[in-house]
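# Structure at a glance
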Amino acid sequence: MAEFLSTGLGIGIVVGVCALALILFLYGVFRRFSRCSWLSWQILILFAATFLLRFLPASDSAAVNAALAPIVLFAAVALVLAIGGWTRHGLLAYAKRPPAFFRFTNRFLGGVTTVLNFVTFFVVIGAPVLVALPLFGVNFAALDPLYASAIWTNYAAPHAFDLVVIAVCVLMVRCGYRVGLMRSLWAILTVLLCFGALVLSIFLANKVPFLANWANALAGNFASLGSYASVVGTAIVAGVCFVVLLIVIILISALINVLMKKLRTPTALRAIDGALLAVIFGAIFFAIAFGIDFGVYHLAHGGLENAFGAIAGAVGSAAEGGADALQGALDSVFAVMQRLEQLFLSSPLSARLYNYNPLLLLGQG
């Protein structure tokens, strides 16, 4: 590593990274800590809490173990996000007439936080990849010093995959709270209205007399297309109708959004509205996580081979060597899933979610 950094390319990379860090720091200084995103701090605080999981004993009840991990994780995420929201509210209120020390700290921490947000993004993506590479038999000589270090072996590698779990959970819950239930329901309704406007436009272009006549007149300009001329004419008229209806939907949507902002102005209503969708998004996160875990467990323990055993026999009887080819594909999937299982079990929080999967317990029951 030292030899690489001493080369021209290595020096260029170091200079570029330092320049980028300086730009991000200055951006954070101007934006201030009270205004920039605290996502990196929230993720890192929750990630640090996963080091305490070894002190949390497992219950004798499988149902309790299955419910404990998601409940504790969601409660921890909600608590950290709530404390962050209350702290930001207090800082913004205090920032109206701040002393000089507060102004300096606010800007300095803003710069640090902006750089940390950028670094955390790449760490969340890179750390699990570094753990997965040896599991899948990918070895880079340049990474040997990292893998040999005590920090990586004793602290980073055994917890790296939890960083992804924490980051995705925080993002989903945070997104749910920010959007709110009313906005999400209106967004779904808006999509349905747009689809309905498209269907209505096609209906109007065909059934309303003056629009149908207009479509026929336009089709005359495309007589060279033959039978497709009428389709083109109708499509143009339907497109115009759709644009008009879409403008109406956009205007209505803008009005509704203004009304919803007024309704969400009281802090209590905004908190309740955001909390409802945060719970829904949290449930979606755990449903996806448990679904992926169940799929990996099922495939890593021969589920695919059992399901396609009869197909392998049929292929073998129909074509020579067909069963061997299918068996080779099944063995490849089995090997990949086993390595994914090792990755999921490499960190304490991810391992708890994997081992105490409610879907797995239901399947065993």
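Residues numbered from 1 in each chain as written. Predicted model: local features only at pLDDT ≥ 70, side-chain atom pairs only at ≥ 80, totals over all residues. Heavy atoms only, no water.

## Describing the overall build of the protein
Summing up its helical and strand segments, the protein has 17 helices and 0 strands in all. Within the protein, the proportion of its 365 residues that are buried is 30%. Long-range contacts, defined here as pairs at least 24 residues apart, represent 80% of the contacts in the protein between residues at least 6 apart. Surface summary for the protein: the accessible area is close to 21600 Å², and the carbon and sulfur share equals 75%. (Helix = DSSP H or I, 4+ residues; strand = E, 2+ residues; numbered from the N terminus. Buried < 20%, exposed > 50% of the residue type's maximum accessible area, 1.4 Å probe, protein only. Contact = heavy atoms within 4.5 Å. Areas by Shrake-Rupley, 256 points an atom, 1.4 Å probe, with all protein chains shown as cover.)

## A look at helix H8 (residues 160-179)
Taking 1.5 Å of rise per residue, 20 residues should cover 28 Å, and H8 covers 29 Å from first to last C-alpha, within 8% of that figure. Gly180, located one to two residues past H8, shows a positive phi value of around 85°. (Expected span 1.5 Å × (residues − 1).)

## Some remarks on a nonpolar patch on the surface
Together, Leu20, Phe118, Val119, Phe121, Phe122, Val123, Ile125 and Val129 give the surface a local cluster of nonpolar side chains, amounting to about 690 Å² of exposed area. With 7 residues, the single largest contributor to the nonpolar patch is helix H5 (residues 100-135). Summarising the element assignment, Phe118 is placed in helix H5. Here Phe118 falls in the partly exposed class, since its relative accessible area comes to 34%. (Patch = residues over 30% accessible without salt bridge, like charges linked within 9 Å, V, L, I, M, F, W, Y side chains within 5 Å. Salt bridge = Lys/Arg side-chain N within 4 Å of Asp/Glu carboxyl O.)

## Some words on the environment of Ala76
Along the chain, Ala76 turns up in helix H4 (residues 62-94). For the pair Ala76 and Leu46, spaced 30 residues apart in sequence, the C-alpha to C-alpha distance is 7.3 Å.

## Focus on the layout of surface pockets
Of the voids in this model, the largest pocket is the one considered here, and its volume is about 1000 Å³. Lining the largest pocket we find 30 residues, and of these Leu81, Gly84, Gly85, Trp86 and Tyr177 sit closest to its centre. Of all the elements in the fold, those that place two or more residues in the lining of the largest pocket are helix H3 (39-49), H4, H8 and helix H12 (267-300). (1 Å grid on protein atoms, 1.4 Å probe; cavity = no way out; pocket = protein on both sides within 12 Å on 5 of 7 lines; lining within 4 Å. Points joined across faces, edges and corners; volume = space filled by probe spheres on them.)

## Examining unusual backbone geometry
Positive phi is not limited to glycine here, since Arg32 has a value of about 80°. Structurally, Arg32 can be placed in the loop between helix H2 (8-31) and H3.

## Brief notes about the side chain of Thr113
Here Thr113 lies in helix H5. By relative accessible area, which is 0% here, Thr113 ends up buried. In this structure Thr113 touches Phe33, Cys36, Ser37, Trp38, Ser40 and Trp41, once residues within four positions along its chain are discounted.

## Quick notes on the packing of helix H9 (residues 181-207) against helix H10 (residues 209-220)
With their axes 5 Å apart at the nearest point, H9 and H10 run at an angle of 80° to one another. Judged by the angle between their axes, H9 and H10 are roughly perpendicular. Here H9 contributes Leu204, Ala205, Asn206 and Lys207 to the contact with H10, which in turn contributes Pro209, Leu211, Ala212 and Ala215. Counted by class, the contact of H9 with H10 contains 6 nonpolar, 1 polar and 1 charged residues. (Axes fitted to C-alpha atoms, helices over the stretch in contact; angles between N-to-C directions. Parallel < 35°, antiparallel > 145°, perpendicular 65-115°, else oblique. Nonpolar A, V, L, I, M, F, W, Y, C, P; charged D, E, K, R; others polar.)

## So, the side chain of Thr114
Relative to the elements of secondary structure, Thr114 occurs in helix H5. Assessed through its relative accessible area of 9%, Thr114 is described here as buried. When near neighbours in sequence (up to four residues on either side) are disregarded, Thr114 contacts Leu24, Tyr27, Gly28 and Cys36.

## A closer look at the confidence of the model for the protein
Model confidence for the protein is summarised by a mean pLDDT of 80, while 84% of its residues fall at 70 or above. Taken element by element, the protein is modelled with least confidence in helix H1 (residues 2-6), mean pLDDT 48, and with most confidence in H3, mean pLDDT 92. (pLDDT = per-residue confidence, 0-100.)

## Quick word on the packing of aromatic side chains
Remark: the centre distance and the inter-plane angle together describe each pair of aromatic rings, the angle taken between the planes. Scanning the model with the defined rule gives 12 aromatic pairs in all. Their ring planes at 35° and their centres at 5.2 Å tell us that Phe161 and Phe344 sit as a pair that is tilted. In this pair, Phe161 is assigned in helix H8 and Phe344 in helix H15 (residues 322-344), connecting sequence segments 183 residues apart. There is no split in this pair, since Phe161 and Phe344 are both buried. With centroids separated by 5.0 Å and ring planes inclined at 70°, the aromatic side chains of Phe285 and Phe286 adopt a geometry described as edge-to-face. Under the relative-accessibility criterion, Phe286 is labelled buried at 9%. A network of ring pairs unites the aromatic residues Phe161, Tyr297, Phe344 and Tyr354 as a single cluster. One Lys or Arg, Arg88, reaches over the ring of Trp38 and ends 4.2 Å from the middle of that ring. (Phe/Tyr/Trp six-rings, centres within 6.5 Å; stacked < 30°, edge-to-face > 60°. Lys NZ or Arg CZ within 6 Å of the ring centre and 35° of its normal.)

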